[in-house]
Amino acid sequence: MSVVCGIFSNSMMKRFLYMLIPLFLLAGACGTGGSRQKTGKDGHRTELKSFPYPEIPSMVTDPEERRTYLLEHFWNGFDFRDTVLLKRREITERGFADFITLLLQEPDSTQWYGSMKDLTMKLAGPAYGVFGELAERYLYDPNSPVYNEELYLAFLDSFLKLKMEDEAVRERLLFHQEMGLKNRVGHPANDFEYTTADGKQGRMRNCAPGKPLVLIFHDPDCLQCCETMAFLQGNEVLQEKVKAGKVAVLAVYSEGIDEIWRAHRKDLPKAWISVTDGATVKRSLLYDLKAMPTLYLLDGERRVLLKDAYPGQLIDYLQRNM
């Protein structure tokens, strides 16, 4: 169990460290002359030593106004046409990571769309592919410390309107957009049919009627699933909520191999509802199961409260709200 807790702690620590960086940016005027790209007498540009953050005017002192100014001018000193610069991860990727982290501090997520549009409109040539790959890796990969599907959707909303020569890449990102728009927070979760251990058929929407539902898609042959399930089974907050009838847990085996499900079903708590969907969810693309396990929290009306949640995030929500 200590190993599992360590894994989650490391993940949260990485998220915390990423959040610290923009705080330093906001604390003082950003950027220095030595970090900017200059043109010498010979017409050649000097090499950047770090990302060319914009300088915030000294008269802008309010933290919110400083962040707004920084976001609006973030890319002003970056040359998107410089193919050598684009390949320098310590500059390009560092800048993108800081930009993302600043956006995540914006309380109004509707503002994300404007900021992402400002960025994507500057892209051309090789920059298009570089920033598309960065957005996918940072915002769509569930192992990323700044993973955020809603922010990724904001990026794709304007990015996919631009001309893209690589049709295969475009199709992949269109698929990401399609899946990301399913089961969004605040919207009804897609319903599906399942089978219980005694062979009875049921539907997710009718499971534990009226109760909030922890929905877990899992595969017992997956190491990460085993670690997460062990963490959840041993968590006192979840145990108490289930025992008190404040929440129900529906554990869905989503791989469709009946023998594996039955062999491992007994490993789950008796208070949990263990079912198999016969791989219907995967085949029908009802949920985006890009990593196992996938955790959701639904309210009593089966609207999504948490989507693709971290275990710690789920427990924290249950503790504070239920």
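The rules behind the values
- Residues numbered from 1 in each chain as written.
- Predicted model: local features only at pLDDT ≥ 70, side-chain atom pairs only at ≥ 80, totals over all residues.
- Heavy atoms only, no water.
- Helix = DSSP H or I, 4+ residues; strand = E, 2+ residues; numbered from the N terminus.
- Buried < 20%, exposed > 50% of the residue type's maximum accessible area, 1.4 Å probe, protein only.
- Contact = heavy atoms within 4.5 Å.
- Phe/Tyr/Trp six-rings, centres within 6.5 Å; stacked < 30°, edge-to-face > 60°.
- Pairing = 2+ DSSP bridges.
- Right-handed = clockwise from strand over helix to strand, strands pointing away.
- Salt bridge = Lys/Arg side-chain N within 4 Å of Asp/Glu carboxyl O.
- Axes fitted to C-alpha atoms, helices over the stretch in contact; angles between N-to-C directions.
- Parallel < 35°, antiparallel > 145°, perpendicular 65-115°, else oblique.
- Left-handed = near helix turned anticlockwise from the far one by under 90°.
- Patch = residues over 30% accessible without salt bridge, like charges linked within 9 Å, V, L, I, M, F, W, Y side chains within 5 Å.
- Areas by Shrake-Rupley, 256 points an atom, 1.4 Å probe, with all protein chains shown as cover.
- Lys, Arg positive; Asp, Glu negative; His and termini not counted.
- Charge placed at Lys NZ, Arg CZ, Asp CG, Glu CD.
- Core = buried A, V, L, I, M, F, W, Y, C linked by side-chain atoms within 4.5 Å.
- Arc of directions from axis to C-beta.

1. With respect to the overall build of the protein
Assigned secondary structure in the protein consists of 13 helices and seven strands. Split into buried and exposed, the 322 residues of the protein put 47% on the buried side. In the protein, the share of contacts with a sequence separation of at least 24, taken over all contacts with a separation of at least 6, comes to 66%.

2. Notes on the packing of aromatic side chains
For the structure shown, the criterion picks out 24 aromatic pairs. Plain terms: the ring middles of Phe 74 and Phe 99 are 5.3 Å apart, the flat faces sit at 45 degrees to each other, and that makes the pair tilted. A residue pair is termed long-range when its members are at least 10 positions apart, and Phe 74 in the loop between α2 (63–72) and α3 (83–86) and Phe 99 in helix α4 (residues 89–104) qualify at 25 residues. Phe 99 sits in the buried class, given a relative accessible area of 0%. Arranged with centres 5.2 Å apart and planes meeting at 90 degrees, the rings of Tyr 287 and Tyr 296 form a pair that is edge-to-face. Each member of the pair, Tyr 287 together with Tyr 296, is buried. An aromatic cluster is defined as three or more aromatic residues linked by ring pairs; in this entry it consists of Phe 51, Tyr 53, Phe 74, Trp 75, Phe 78, Phe 80, Phe 96, Phe 99, Phe 131 and Tyr 138.

3. Re the pairing of strand β5 (residues 273–276)
Alignment of strand β4 (residues 248–253) against β5, held across four bridges, turns out to be parallel. When the bridges of β5 are listed, Leu 250 appears paired with Ile 273. As for the winding sense of the linkage, the β-α-β connection from β4 through helix α11 (residues 258–265) to β5 is right-handed.

4. Regarding the pattern of salt bridges
Pairing is possible between side chains of opposite charge, provided their charged atoms come close. The final tally for this structure, using the stated rule, is 21 salt bridges. Note that Arg 89 is salt-bridged to Glu 93, the shortest N-O span being 2.8 Å. One end of the pair, Arg 89, and the other, Glu 93, are both in helix α4, four residues apart, so they sit about a helical turn from each other. Residue Arg 89 is classed as exposed on the basis of its relative accessible area, which comes to 55%. Overlapping salt bridges bring together Glu 149, Asp 288, Lys 290, Lys 307 and Asp 308 as one network.

5. Considerations on unusual backbone geometry
Each neighbour pair has its own omega, and for Met 292 with Pro 293 the value is -5 degrees, a cis peptide bond. As for its position among the elements, Pro 293 is in the loop between α12 (280–284) and β6 (294–298). Here Ala 208, not a glycine, exhibits a phi torsion of approximately 45 degrees, which is positive. Relative to the helices and strands, Ala 208 resides in the loop between β2 (201–203) and β3 (213–218). Of note in the backbone geometry, Asp 308 takes a positive phi value of approximately 50 degrees without being a glycine.

6. Focus on the packing of helix α5 (residues 111–120) against helix α7 (residues 149–159)
Where α5 meets α7, the axes come as close as 8 Å, and the angle between the chain directions of the two elements is 45 degrees. It follows that α5 is oblique to α7 by the angle criterion. For α5 against α7, the interelement crossing comes out right-handed. Residue-level inspection shows Trp 112, Tyr 113, Met 116, Lys 117, Leu 119 and Thr 120 of α5 in contact with α7, the latter providing Glu 150, Leu 151, Leu 153, Ala 154, Phe 155, Asp 157, Ser 158 and Phe 159.

7. What about a negative patch on the surface?
Residues Glu 165, Asp 166, Glu 167 and Glu 171 make up a contiguous surface patch of negative charge. Secondary-structure assignment places Glu 165 in the loop between α7 and α8 (167–180). Looking at Glu 165, the relative accessible area reads 79%, which means it is exposed.

8. Topic: the nonpolar core
Core analysis: the largest hydrophobic core is formed by 43 residues, its most contacted members being Trp 75, Phe 78, Phe 96, Phe 99, Met 116, Leu 119 and Phe 131. Counting only elements with at least two residues in this core, the list comes to α2, α3, α4, α5, α6 (126–140) and α7. If you tally residues by element for this core, the top one is α6, at eight residues. Setting aside residues up to four positions removed in sequence, Phe 99 forms contacts with Leu 71, Phe 74, Trp 75, Ser 115, Met 116 and Leu 119. With 22 residues, the next largest nonpolar core counts Cys 207, Leu 215, Cys 222 and Val 281 among its residues.

9. A few points about the side chain of Lys 241
Inspection of the secondary structure assignment puts Lys 241 in helix α10 (residues 236–243). The charged side chain of Lys 241 is buried without a salt bridge, its nearest counter-charge being Glu 240 at 6.5 Å. Among residues more than four places away in sequence, those in contact with Lys 241 are Lys 246, Val 247, Leu 318, Gln 319 and Met 322.

10. Things to note about helix α13 (residues 311–321)
All of the buried residues in α13 are Pro 311, Leu 314, Ile 315 and Leu 318. Each buried residue of α13 sits inside an arc of 95 degrees when the element is viewed along its axis, so together they form one side.

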